[in-house]
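Commentary on secondary and tertiary structure
The lines below spell out each chain.
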Amino acid sequence: MKKSFVSAVIISVLLIFLSTGCSSGPKRQMYINTIHNSCVDSIEAANACILNGNYSQAEELLIKARTQAVSIDNYDLLLSVSLTHVSLYLSYNPPLIEKAKFYLEQANHLVGQTNKIEESELLCAMSEARILIAENQVQNNFKTIVDKMDDAKKVFKNKPYNHAQCDSILGDVYRLSGNYKEADKVYNEAAKLFTDNRYLSEIGITWYKIAQNHSQSGNIKKALEALNTAIYYDRCAENSMALGADYYIKAVILLKGSPSDANKNEAKKSLKHSAEIYNAANRSELAEKSLELLKTLE
């Protein structure tokens, strides 16, 4: 009996010691984010695939991400998946407008169940603006888009990626409306934000847009300078799709107006190089487009 009593006391003391010893340690977390983090990784990987033209792989990743988001009943993630689908279908050439609209509608239905409703609404507005741009509906919706993007920039002032995306959208709107000076201003603001925060692929895309803007305004010299900057950053990002497009548009710019023989020769080199890059990236249909323009020069 005495031995049993002593043993019981020892066990009790040990339990008290263990419980008091743990009290000063970190508290157990009240949430698990394993699936959440995996879902975010899938969305980010899908975005990277979109930027590099790997659309089928992006689709697979988004299907996986949607399943993960549904499994943990997370509406913020579901919204992100739907809006990434919008980006995917607008990236096709030509854009798949109806599919993009379908996923934007899905996203709009999710807004009220997300944690930050105002931000979610503005993210949807950004995607809607991109669809209107793809549909060439800027003139009919100019003020609505500009006002909404200006509102979004205020809300996203501490979120540089979203803020820069608003500037990029505004640049597209001003460029398509013929206001090249304002387009150049906001494009450069976007480029600075993307550069300061090291969003590598977006830097190259923005400088590509700056080159387009200069080209359309008639400033060939600045267009080519901007394009060289785009090429530099697209090389840094190893973005084959963007590089192929950079060299193609370089040729288009060089051939504007009444090109000199020197410009024609440089354009030929650019088109050959564009086709080489596209073929190396297994995008033969885009390589063919570069070669078709090259044939007109021979």
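Up top is the structure these notes are about.
All figures in this text were calculated on a predicted structure; none of them were measured in a lab.

A closer look at the nonpolar core
- By size, the foremost hydrophobic cluster in this structure holds 34 residues, and its most contacted members are Leu-79, Val-86, Leu-88, Cys-124 and Ile-131.
- Where this core is concerned, the elements lending two or more residues are helix 2 (34-51), helix 3 (55-71), helix 4 (75-91), helix 5 (97-110), helix 6 (117-134), helix 13 (261-280) and helix 14 (284-295).
- Leu-132, Met-149, Leu-170 and Val-173 belong to the second-largest nonpolar core, a separate cluster that totals 29 residues.

Notes on the environment of Ala-230
- As for its placement among the helices and strands, Ala-230 is situated in helix 11 (residues 220-236).
- Sequence spacing of Ala-230 and Tyr-89 is 141 residues, and the spatial spacing of their C-alpha atoms is 23 Å.
- For Ala-230, the residues in contact, after removing those within four places along its chain, are Gly-204, Trp-207, Tyr-208 and Asp-246.

Things to note about the packing of helix 4 against helix 6
- Two numbers describe how helix 4 lies on helix 6: the axes approach to 11 Å, and their chain directions differ by 15°. Of the possible angle classes, the one that applies to helix 4 and helix 6 is roughly parallel. Considering the relative orientation of helix 4 and helix 6, their crossing is left-handed. Side by side, helix 4 and helix 6 meet where Leu-79, Leu-83, Val-86 and Leu-90 of the first sit next to Ser-120, Leu-123, Cys-124, Ser-127, Arg-130, Ile-131 and Ala-134 of the second.

Describing helix 3
- In this model helix 3 runs 24 Å from its N-terminal to its C-terminal C-alpha over 17 residues, within 8% of the 24 Å that 1.5 Å per residue would give.
- For helix 3, every residue scored as buried is listed here: Tyr-55, Ala-58, Leu-61, Leu-62, Ala-65, Gln-68 and Ala-69. Taken end-on, helix 3 shows its buried residues confined to a sector of 135°, consistent with a single buried face. Counted as exposed and oriented over 90 degrees from the buried face of helix 3: Ser-56, Glu-60, Ile-63, Thr-67, Val-70 and Ser-71.
- Of the surrounding secondary structure, the elements contacted by the buried residues of helix 3 are helix 2, helix 4 and helix 12 (240-254).
- Positive backbone phi, approximately 55°, marks Asp-73, located one or two places after helix 3.

Notes on the environment of Tyr-247
- Along the polypeptide, Tyr-247 turns up in helix 12.
- The class of Tyr-247 is buried, set by a relative accessible area of 9%.
- On a C-alpha basis, the gap between Tyr-247 and Phe-194 in space is 22 Å, while along the polypeptide they are 53 residues apart.
- The residues touching Tyr-247, leaving out its near neighbours within four places in the chain, are Ile-231, Arg-235, Ser-270, His-273, Ser-274 and Ile-277.

Considering the packing of helix 6 against helix 8 (residues 160-176)
- Running from amino to carboxyl end, helix 6 crosses helix 8 at an angle of 25°, the nearest separation of the two axes being 11 Å. In this view, helix 6 runs roughly parallel relative to helix 8, as classed from their interaxial angle. Of the two possible hands of crossing, helix 6 and helix 8 adopt the one that is left-handed. Where helix 6 abuts helix 8, its residues Leu-123, Met-126, Ala-129, Arg-130 and Ile-133 lie against Asn-162, Gln-165, Cys-166, Ile-169, Asp-172, Val-173 and Leu-176.
- In the contact of helix 6 with helix 8, the residues fall into eight nonpolar, two polar and two charged.

Here we look at helix 14
- Compared with an ideal rise of 1.5 Å per residue, which puts twelve residues at 16 Å, helix 14 spans 16 Å between its outermost C-alpha atoms and is within 8% of the ideal.
- Considered for burial, the residues of helix 14 that qualify are Leu-286, Ala-287, Ser-290 and Leu-294. One side of helix 14 carries all its buried residues, which in axial view fall inside an arc of 105°.
- Where helix 14 is buried, its residues contact helix 12 and helix 13.

Calculation notes
- Each residue is numbered by its place in its chain's sequence as written, counting from 1.
- Predicted model: local features are reported for residues with pLDDT of at least 70 only, side-chain atom pairs are reported and counted for 80 or more only, and whole-chain, interface and lining totals are derived from all residues.
- Water and hydrogen atoms play no part in the side-chain values, which are based on all heavy atoms of the structure.
- To qualify as a nonpolar core, a set must consist of buried Ala, Val, Leu, Ile, Met, Phe, Trp, Tyr and Cys residues joined through side-chain atoms within 4.5 Å.
- The rule is simple: take the accessible area with a 1.4 Å probe, protein chains only, and divide by the maximum for that residue type; under 20% is buried, over 50% is exposed, in between is partly exposed.
- Helical segments are the DSSP runs of H or I of at least four residues, strand segments are the runs of E of at least two, and each set is numbered from the N terminus.
- Working rule for contacts: check all heavy atoms of both residues, and any pair within 4.5 Å makes them a contact.
- Every axis in this analysis is a line fitted to C-alpha atoms, fitted for helices over the stretch in contact. Angles between the N-to-C directions lie between 0 and 180 degrees.
- For classification purposes, angles smaller than 35 degrees are called roughly parallel, those larger than 145 roughly antiparallel, those between 65 and 115 roughly perpendicular, and all remaining angles oblique.
- The crossing is said to be left-handed when, going from far helix to near helix, the turn is anticlockwise and less than a right angle, and right-handed when the turn is clockwise.
- One fewer than the residue count of a helix, multiplied by 1.5 Å, yields its expected span.
- Regarding the arc, it is the one traced by the directions from the helix axis to the C-beta atoms.
- When residues are grouped by polarity, Ala, Val, Leu, Ile, Met, Phe, Trp, Tyr, Cys and Pro land in nonpolar, Asp, Glu, Lys and Arg in charged, and all others, Gly among them, in polar.

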